[in-house]
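Structural overview
Chain residues, written in single-letter form:
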Amino acid sequence: MIGLSRVKLSQVSKTFGEVSAVNQLDLTINEGEFFTLLGPSGCGKTTTLRMIAGFCYPTTGRILFDDQDVTRVPPHYRDTGMVFQNYALFPHMTVAENVAFGLEVRKLPKKEIAERVEQALEQVRLGGFGERRISQLSGGQQQRVALARALVIRPRILLLDEPLSNLDAHLRDEMRTEILSLQRSLGITTIYVTHDQVEALSMSDRIAVFSRGKCQQTGTPEEIYNHPKNAFVASFVGETNLVPVTVKETGADHVTVESGNHLFRVKKGEPDAVPLRTGEGSWFLSIRPEAIRLADGPGSNRVEGWVKLIQFTGTSYHCKVELGDGTVLQALFLNRPDMRGRLRDGERRFFELPEEQLRLIPNTGGGVDD
Amino acid sequence: MIGLSRVKLSQVSKTFGEVSAVNQLDLTINEGEFFTLLGPSGCGKTTTLRMIAGFCYPTTGRILFDDQDVTRVPPHYRDTGMVFQNYALFPHMTVAENVAFGLEVRKLPKKEIAERVEQALEQVRLGGFGERRISQLSGGQQQRVALARALVIRPRILLLDEPLSNLDAHLRDEMRTEILSLQRSLGITTIYVTHDQVEALSMSDRIAVFSRGKCQQTGTPEEIYNHPKNAFVASFVGETNLVPVTVKETGADHVTVESGNHLFRVKKGEPDAVPLRTGEGSWFLSIRPEAIRLADGPGSNRVEGWVKLIQFTGTSYHCKVELGDGTVLQALFLNRPDMRGRLRDGERRFFELPEEQLRLIPNTGGGVDD
Amino acid sequence: SSPSGESAKNGLEETVVVYSPHGKDILQDFERQFEKEHPNTDVQWLDMGSQEVLDRIRSEKGNPQADVWWGGPSVMFEQAGEEGLLEKYKPSYANALNEEFHAKDYSWTGTFKTPQVIMYNTKEISRKEAPKDWDDLLDKKWKDKIIIRYPLASGTMRTIFSSMIYRAYMESKTPKEGYDWLKKLDANTKEYAANPEMMYSKIARGEGSLTVWDMPDVVMLKETKHYPFDYVIPESGTPVLTDGIALVKGGKHPKAAKEFYEFVNSKKAAKTLAEKYYRIPTRNDIDDLPAWIKETKIKPMELDWDLLRKKEKEWMEYWDENIKSKKQAEE
Amino acid sequence: MINPATKGPTEPIASRRVISDKGFTLLLLIPVILVLVSYVLYPSLKTLAESVWMKGEFTLENYKRFFSPESLSNLEALWNSFYISLLSVLLSALIGVPLAFIFNRYDFPGRRFFATAAIMPIVLPPLVGVMSFMFLYGESGLVTRTIQDWFNMDEAPFKLSGVAGILLVHAYTMYVYFYMTVSSAIKGLNPSLEEAATNLGAGRWTVFRRVTLPLLTPALVAASLLVFMTSMASFSAPFLLAGGFRVLSLQIYFSKINGDLDMAATQSVILSVISISFLLVMRWYQGRRDYRVSEKGVSTHRREVSNPWVKWPLVIVGVTGVVFLLLPHITLAILSLVPEGSWTYQTYPTRFSLENYILLMKDPHIWKPIRNSLWMAALATAGNFLFGILTSYVLVKRKFRGKNVLDVMVMLPWSLPATVVAMNMILAFNVPTPFTFGKVLVGTFWILPLAYFIRHIPLVVRSTNAALEQLDDSLEEAARNLGARWFTTFRRVILPIILPGIMAGTLLAFVTAVGEFVSSVMLYTIDNRPISIEIMNQLRMFNLGQAAAYAMYQIILIGVVLLISNRFFGVKAENSL
Ligand SMILES: Nc1ncnc2c1ncn2[C@@H]1O[C@H](COP(=O)(O)OP(=O)(O)OP(=O)(O)O)[C@@H](O)[C@H]1O
Ligand SMILES: Nc1ncnc2c1ncn2[C@@H]1O[C@H](COP(=O)(O)OP(=O)(O)OP(=O)(O)O)[C@@H](O)[C@H]1O
Ligand SMILES: [Mg+2]
Ligand SMILES: [Mg+2]
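Note that the structure is a prediction, hence the values are computed from the model and not measured.

**Examining the overall build of chain A**
On a plain count of helices and strands, chain A comes out with eight helices and 20 strands. Projected onto its principal axes, the C-alpha positions of chain A cover 75 × 50 × 35 Å. Counting every position in chain A, which comprises 370 residues, the buried fraction comes to 56%. Contacts spanning at least 24 positions in sequence make up 65% of the contacts within chain A whose residues lie at least 6 apart.

Quick look at the structure:
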């Protein structure tokens, strides 16, 4: 029913005066894909989304919808549906009037409008809320009205700008599932902007990680999380321990690296592995906190450390472990009975960094721009 | 240097017109404790905090600071330091002026003010920011100014109203650690309001879980998480699978319960266990998602189910598992290589619900009021 | 009391407050002269329309601010006298005034006479063409040439209009004929100007070329402000208004007020007024008046001022509601 | 409440109980109510009483007379006033709203200058303003004659008179209210709402009609109220432009001049009732919908990127509009330079000199009215400032019963024509009253500052309300929590933050007070004669040039005040209301 669209940004840049908000961006978003732009505040995500919606035009570069150049087409001819970060609901209209707006503008017959509004409200589980005023809704309900308003016009592309950032944890979880199932059932091409990596990882088909106006890496959530291309992606997407190391030895399927007075064996063979030569270049050894394991004693890839701080977060315990040379590692253990009570502040324990969980990431200056 | 205070609320109620915001509340917060009020939106957390600060007076009941009745004492005599949800920094003053305000009002000598402001700013790692305008600060920095402003007057009680809700995930993590270490080093009695359970669990000495103006349970984070008193607490604090069951058999240290066509053995002996009698009462079997384990085949406390949805959140995989009788369980597995790729959508697998992880919770009507 | 010029140290109060419509030029001049003779007394004046003076004295009844009211048609003074706003005072020159120039009880006396004339723009109309009498104004050829000061707000215009009605009323005892006359005038009238200056300006620029107005103003505009104006004194006779002066009841400076009252109508002052400001004195004992006064022949219209005052409101209301700007409707 | 047995070491804390919150609200309310009752309600009631009290008994005779079918003049005046006011609202909106959009939405060279110039009609003294309009657009006006000459027409192409003239002058002087309120509303408008509408497929015009305009409703309502009330009460324009055209404010004036005080009071009451009804209708209209949802998160304010083909024509329209708006000022300047008697029948002035200024300078009395005006305006405005802050704080931040009544009372002085306010004061204060400490106020110096004060209460309260409504309550709480008493909190935190808002209203009040004519003419005395009266008197003597020179002084004076406040207080006059 809804025409799917492929979106292509080619060499798109946008500068505001002196500020370069987006820089030489190349992206392709496929039909029906749930695509996320992830990055810290001010990295150009919103600007990119606004260029796709047509609220501002690229300084250079082209935007194509299904191979059709829309770079300078005004927003109301683009047929995108946008959900704004602050909802942008019309306060002077009721819920139903808000949802009907896009249809009225398209001059649909009254009867069809009423039907489709009703149906859209049902879809976001707000049936019967049509006559309410916007100010009588809670944040979560407002967010769903915004979603219904964008969906009811059956846009070619759905654009979502941090739609969940204002909700509390529980509502956020709920809405996440809801948006996802709506998107899946309608199969609509969706571009989602967020700075929350959990959101990005759990919802997306593919993710583009942004930093300072540049796309750092594009890939599926697991690619991004498990095989970050550079230190910025590694540290922004989830927590990561990054330890500067030097390469000691390169074997057939293993690399040995050194940090302080520890040697670590790292398994090679990931397709994205960068050519390594002994003693050359500057590298980070990266390991996710949840990959670190408790060990009973010394051994290969094991280190001794002091437990500095234990935080209980419900599902798990977050620990800070300080090694002999001052390096601090973050480790995460599930809240299971075998773990409960096993760790205590100030204790001295052994930890294993399994070789298949270690990754070498090139250290490129500030670790942010590449 | 800072006088610690014990706060006692006794039978405190507050109604706004017809709305009962807080209902017969009894709380004692000990000297130097980090105490959290946790609950969903609109449950009366802010109202409670505001009564403690003196911005509104209880309809009935008394508030005591160190056994001294302060129920109707105006706010400026209470000597509490409050950090507002929206910071409430004075926009027309510089950072230093904001922090100095409370001291100037107390008519301290100029020199001492300057010293203490300097010191407070150092404490929140904002040394040298004194002359900045508030609008020139990022959200996280503003939050720290608000904290410094509240701390510099060395209040008897520190009140924090969702101070982190406006920050993004990374900044939130950072600030959490910072507040905690400040509170620990000053040892000041702190009351913290939040609706984020991770925050509450990871920071607090004790937590009070609120729902609809009533306190549902008070206890340490682990007590609250691992031994919730009722279904509301169990489901609000962290994700929980709640399965309605009937008690089949009560043994010396085990109870056998039945749900659909499954039988589960539950380990008894927790101090809070409610007297159980076979076939009597209505119960929920509760298990946390992270406690569920993958199993190779059938066995005791094992169930077979279809994997319905896998969400990758970085550290872990969230799965929805549907059992034969339609019950849906949430399970959580850490993102470790041994897990990676082991689960796929639509697969049929066995899951173990370890008996020591199972808990029986009384089903009290809506599960919210008790 | 003594004539002016005597000793200044005669116990006058320090100030005297005058309400007057006579304008800055005259008032400043008289202030200077009076203060020269009475250096210890400060003359303060408020310059406002005569209606406003009356209005104000009325509203200040509880706490009178003015001592002297100088200027305005006698009708208004009569009105004020009736409301008990004025202090009776018989001045030293009372004998030099004809009967029509003072109130019976001396609550006011006249200072000068103001004949009403037909004024025209000399650039548009030659002396020969100009209408010679009231009835000439009704001639169709003046259609849309006449601009008249809106009469309701102007004492002068009210008097002129009332006089026109009175001419016939005298005999018939009904205003009907007068109303008809005004209707015809209204038909020729292009518009009613809200205030004199707008009327002057419109006539000067040829938006219209005729009006009825008072003689001293016309002479002043012509002589000192160089407007292209001249006037005709209606042959059949014209209403001559008496401009009065009175003491305000309850005034705070009665002695100085009396002194100023006397001063304004002293022989010398009357001459100054005539020579510099084109005012015709009411006193009949003043010699060597300027030529223009002696030469112009004015035939005063016989008017019953009492009756006029009583009927004026009714007549003007009728005009307002039934005559004014009705020509469009009739055509 | 305090249990003596359990007093701890920090004992003072509980023993220092001060008055309760309710008591404190009451304490703040007392002066507000006192002032409003004494100087707003009492005089108005006095007028009401005057209209229904004849010869010592209650009667509706005057109202019967007003509505009697025999004399239709009052009803005619009522109808004229009403429809002229409505049309004035419409026309002012048609000028003010587009200008506000052009100057706030588009960036082009000189925008700031033109944006400020657009408020210039406010500094034009009403009387002289109308006069200079006549000199421009009258039958023999500069513009009229120029066009006539260019096209060799026999007749003047148009002339400024009658209803059309009144409407033009009203639109010219009152569009500023629309311009100012809409300007500040546009700045507060959340741009994402318009973007959302565009995104849903609405074209430029649909967005404006369906989203932007409705969202401006509160601003439009506020401006409509001010314009409606001002034109109901307008005096100079109908008086000068449409000789004999009947409007209610003139009827009041004539009734009064005829000594028919009962009728004047009756007419005033009816006029007030119409104005207040309009106020209530507008409030009801505004109350039907929401225009602001509590905003979560930040909305970025970005200037619209716009198509040059739309932008430049609009900009040209805007700039031309402002030039048109400044023409009367320029005419005044020219008039003031034309020597007396040298521009009478001529189409264009022929000679220029500084004669008028020199003549004025020679006048020993010249500075007194200027000093008076400044001093009285300062006094009244200082009163407005203090009273406005207090009233506004009570209205916005405190809870009590009868708030609506208080609110209507605050708006009352604006809903009444200045003539009526002055008349009320005359009726109320020409006898000793307890409100005036047993003194008769009429005829004293104090009556005028008091009149200015009363009349301008709504201006300051309104603009302060807007500032206070935006002030987050938690700032006050934060200060209290840090140990500041209420007064310290107010002085150190609330006041500095809302000061720009207050100053904007205060400035408007000051500027209006300096030029006030209508009530001044009824109340001034020898000791407090203001500039506007002096200008009027020059006019009456037909010293047009000197009147214009005087008016130029006034304009310059007001301009300097605007400039100083802009420089030193950062107050933007365009942001008031
Ligand atoms: N209209 C503008 N004028 C000037 N600079 C701008 C404008 N809009 C955006 N920028 C700048 O461009 C950069 C990118 O902004 P953008 O809004 O795209 O960030 P974002 O990634 O959406 O951040 P956030 O997560 O905070 O919303 C920022 O540095 C911002 O300051
Ligand atoms: N001033 C008030 N007038 C009327 N009702 C109020 C007022 N303040 C709070 N309430 C009501 O009291 C209840 C509790 O409000 P409170 O602000 O304490 O909630 P909360 O737990 O802080 O929620 P949140 O997490 O959303 O801040 C809510 O239902 C709210 O609507
Ligand atoms: Mg953004
Ligand atoms: Mg709250």
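**Observations concerning the sheet that holds strand β11 (residues 241-250) of chain A**
Across a sheet, strands are paired by hydrogen bonds formed along the backbone, either parallel or antiparallel in direction. All names here are of chain A. Spatial ordering of the open sheet is given by β13-β12-β11-β14-β20, a layout of five strands whose pairing is antiparallel. With one partner strand each, in any of the chains shown, β13 (262-267) and β20 (359-362) form the two edges of the open sheet. Strand after strand, the sheet turns through a mean of 45° between neighbouring axes, direction not considered.

**Thoughts on the interface of chain D and chain C**
It is common to give the size of an interface as the accessible area that goes away when the parts come together. Every contact between the two is made by 52 residues of chain D and, on the other side, 51 residues of chain C. For the pairing of chain D and chain C, the buried interface totals around 4,700 Å² over both sides, and the portion due to carbon and sulfur atoms is 50%. Scanning the region where chain D abuts chain C turns up zero salt bridges. Between chain D and chain C we count three residue pairs in polar contact (both at pLDDT 80 or more) in total.

**What about the nonpolar core?**
Of all hydrophobic cores here, the largest spans 406 residues; its most connected members are Trp69 of chain C together with Phe103 and Tyr179 of chain D. Within the second largest apolar cluster, 27 residues are counted, among which are Phe30, Phe34, Phe101 and Leu247 of chain C.

**Details of the site of ligand 2**
All names here are of chain B. Taken together, Phe16, Ala21, Ser41, Gly42, Cys43, Gly44, Lys45, Thr46, Thr47 and Glu162 form the complete shell of residues around ligand 2. A distance of 3.1 Å separates an oxygen atom of ligand 2 from a polar backbone atom of cysteine 43. Contact distances for ligand 2 include 3.1 Å between an oxygen atom and a side-chain N or O atom of glutamate 162. Look at ligand 2: alone it shows 630 Å² of surface, and the protein chains cover 61% of it. Counting residues per element, the shell around ligand 2 draws most heavily on helix α1 (residues 45-53), which supplies three residues.

**Looking at the arrangement of the chains**
Between chains C and D lies the most contact-rich interface of the four pairs of chains that touch. Between chain A and chain C there is no contact, and the shortest C-alpha to C-alpha separation is 47 Å. A gap remains between chain B and chain C, with no contact made and the closest C-alpha atoms lying 50 Å from each other.

**Some remarks on the side chain of serine 204 of chain A**
Residue and element names in this part refer to chain A. Structurally, serine 204 can be placed in the loop between α6 (197-203) and β9 (206-211). Given a relative accessible area of 9%, serine 204 falls into the buried group. Side chain to side chain, serine 204 and threonine 36 meet in a polar contact 2.5 Å long. One polar contact links the side chain of serine 204 to the main-chain carbonyl oxygen of alanine 200, over a distance of 2.4 Å. Those residues in contact with serine 204 that lie beyond four places of it in its chain are Phe34, Thr36 and Pro221.

**Some points on the packing of aromatic side chains**
The tally for this structure, following the rule as stated, stands at 53 aromatic pairs over all chains. With a centroid separation of 6.1 Å and 40° between ring planes, the pair formed by tyrosine 137 of chain D and phenylalanine 324 of chain D is classed as tilted. Taken as a pair, tyrosine 137 of chain D in helix α6 (residues 126-137) and phenylalanine 324 of chain D in helix α15 (residues 308-337) lie far apart in primary sequence, 187 residues in all. A relative accessible area of 8% places tyrosine 137 of chain D in the buried class. Taken together, the ring pairs connect Phe30, Phe34, Trp70, Phe260 and Phe263 of chain C into an aromatic cluster. Sitting above the plane of the tyrosine 225 of chain B ring, arginine 288 of chain B keeps its charged end 3.7 Å from the centroid.

**Thoughts on the sheet that holds strand β6 (residues 80-83) of chain A**
All names here are of chain A. One open sheet accounts for six strands, arranged β6-β7-β8-β3-β9-β10; its pairing is mixed. The sheet is open, and its two borders are formed by β6 and β10 (214-219), each paired with just one other strand. Between one strand axis and the next, the sheet turns through 15° on average, direction left out of account. As paired strands, β6 and strand β7 (residues 157-161) are joined by four bridges and run parallel to one another.

**Things to note about the packing of helix α1 (residues 23-37) of chain C against helix α8 (residues 254-264) of chain C**
All names here are of chain C. Their axes nearest at 11 Å, the elements α1 and α8 cross at an angle of 115°. As for how α1 packs across α8, the hand of that crossing is right-handed. Touching Phe30, Gln33, Phe34 and Glu37 of α1 are Ala256, Glu259, Phe260, Phe263 and Val264, all from α8. Here the contact of α1 with α8 is composed, by residue class, of six nonpolar, one polar and two charged.

**Some words on the interface of chain D and chain A**
The interface is formed by 30 residues belonging to chain D together with 30 residues belonging to chain A. Between chain D and chain A, roughly 2,800 Å² of surface is buried when both sides are summed, and carbon and sulfur atoms account for 57% of that area. Linking chain D with chain A are two salt bridges. Of all the secondary-structure elements, those providing two or more residues to the side of chain D that touches chain A are α9 (191-199) and α10 (204-215) of chain D. Counting residues per element, the side of chain D that touches chain A draws most heavily on α9 of chain D, which supplies seven residues.

**Topic: the domain arrangement of chain A**
Residue and element names in this part refer to chain A. In terms of domains, chain A is made up of domain 1 (7-231) and domain 2 (239-362). Its C-alpha centre places domain 1 at a distance of 38 Å from the equivalent point of domain 2. On the domain 2 side, the residues contacting the eight residues of domain 1 number nine residues. Interface of domain 1 and domain 2: buried area, both sides summed, is about 730 Å²; carbon and sulfur atoms make up 49% of it. Considering only the surface of domain 1 that becomes buried against domain 2, Tyr225, His227 and Ala231 emerge as the three largest contributors, covering 64% of it. Taken together, domain 1 and domain 2 are joined by zero salt bridges.

**What about the environment of alanine 331 of chain A?**
Residues and elements named next belong to chain A. Looking at the element boundaries, alanine 331 is found in strand β18 (residues 328-334). Residue alanine 331 is classed as buried on the basis of its relative accessible area, which comes to 2%. Leave out the neighbours within four places in its chain, and alanine 331 touches Pro289, Ile292, Tyr317, His318 and Cys319.

**A short note on the pattern of salt bridges**
With the rule as written, the count across this model stands at 51 salt bridges over all chains. Here glutamate 258 of chain A and lysine 248 of chain A are joined by a salt bridge, their closest N and O atoms 3.2 Å apart. With glutamate 258 of chain A in strand β12 (residues 254-259) and lysine 248 of chain A in strand β11, the pair connects residues that are ten residues apart, well separated along the chain. We classify lysine 248 of chain A as partly exposed; its relative accessible area is 44%. The shortest N-O distance in the salt bridge between aspartate 205 of chain B and arginine 184 of chain B comes to 3.3 Å. With aspartate 205 of chain B in the loop between α6 (197-203) and β9 (206-211) and arginine 184 of chain B in helix α5 (residues 169-186), this pair connects stretches of sequence that are 21 residues apart. For aspartate 205 of chain B, a relative accessible area of 26% gives the class partly exposed. Classification of arginine 184 of chain B as partly exposed rests on a relative accessible area of 44%. Via salt bridges that share partners, Glu78, Glu82, Asp306 and Arg309 of chain C belong to a single interconnected network.

**A look at the pairing of β12 of chain A**
Residues and elements named next belong to chain A. Here β12 lies mainly inside the structure; five of its six residues are buried. Joining the antiparallel neighbours β11 and β12 is a turn of three residues. The pairing of β12 with β13 spans six bridges and is classified as antiparallel. Bridge pairing links threonine 256 to arginine 265 in β13. Where β12 hands over to β13, the hairpin turn is made up of two residues, of which glycine 260 adopts a positive phi near 55°.

Quick notes on the rules
- Residues numbered from 1 in each chain as written.
- Chains lettered and ligands numbered in written order.
- Predicted model: local features only at pLDDT ≥ 70, side-chain atom pairs only at ≥ 80, totals over all residues.
- Heavy atoms only, no water.
- Helix = DSSP H or I, 4+ residues; strand = E, 2+ residues; numbered from the N terminus.
- Buried < 20%, exposed > 50% of the residue type's maximum accessible area, 1.4 Å probe, protein only.
- Contact = heavy atoms within 4.5 Å.
- Pairing = 2+ DSSP bridges.
- Axes fitted to C-alpha atoms, helices over the stretch in contact; angles between N-to-C directions.
- Buried area = accessible area lost by both parts, 1.4 Å probe.
- Salt bridge = Lys/Arg side-chain N within 4 Å of Asp/Glu carboxyl O.
- Polar contact = N/O pair within 3.5 Å; in protein donor to acceptor, adjacent residues only side chain to side chain.
- Core = buried A, V, L, I, M, F, W, Y, C linked by side-chain atoms within 4.5 Å.
- Near = heavy atom within 4 Å.
- Areas by Shrake-Rupley, 256 points an atom, 1.4 Å probe, with all protein chains shown as cover.
- Phe/Tyr/Trp six-rings, centres within 6.5 Å; stacked < 30°, edge-to-face > 60°.
- Lys NZ or Arg CZ within 6 Å of the ring centre and 35° of its normal.
- Left-handed = near helix turned anticlockwise from the far one by under 90°.
- Nonpolar A, V, L, I, M, F, W, Y, C, P; charged D, E, K, R; others polar.
- Domains from an automatic or database assignment.

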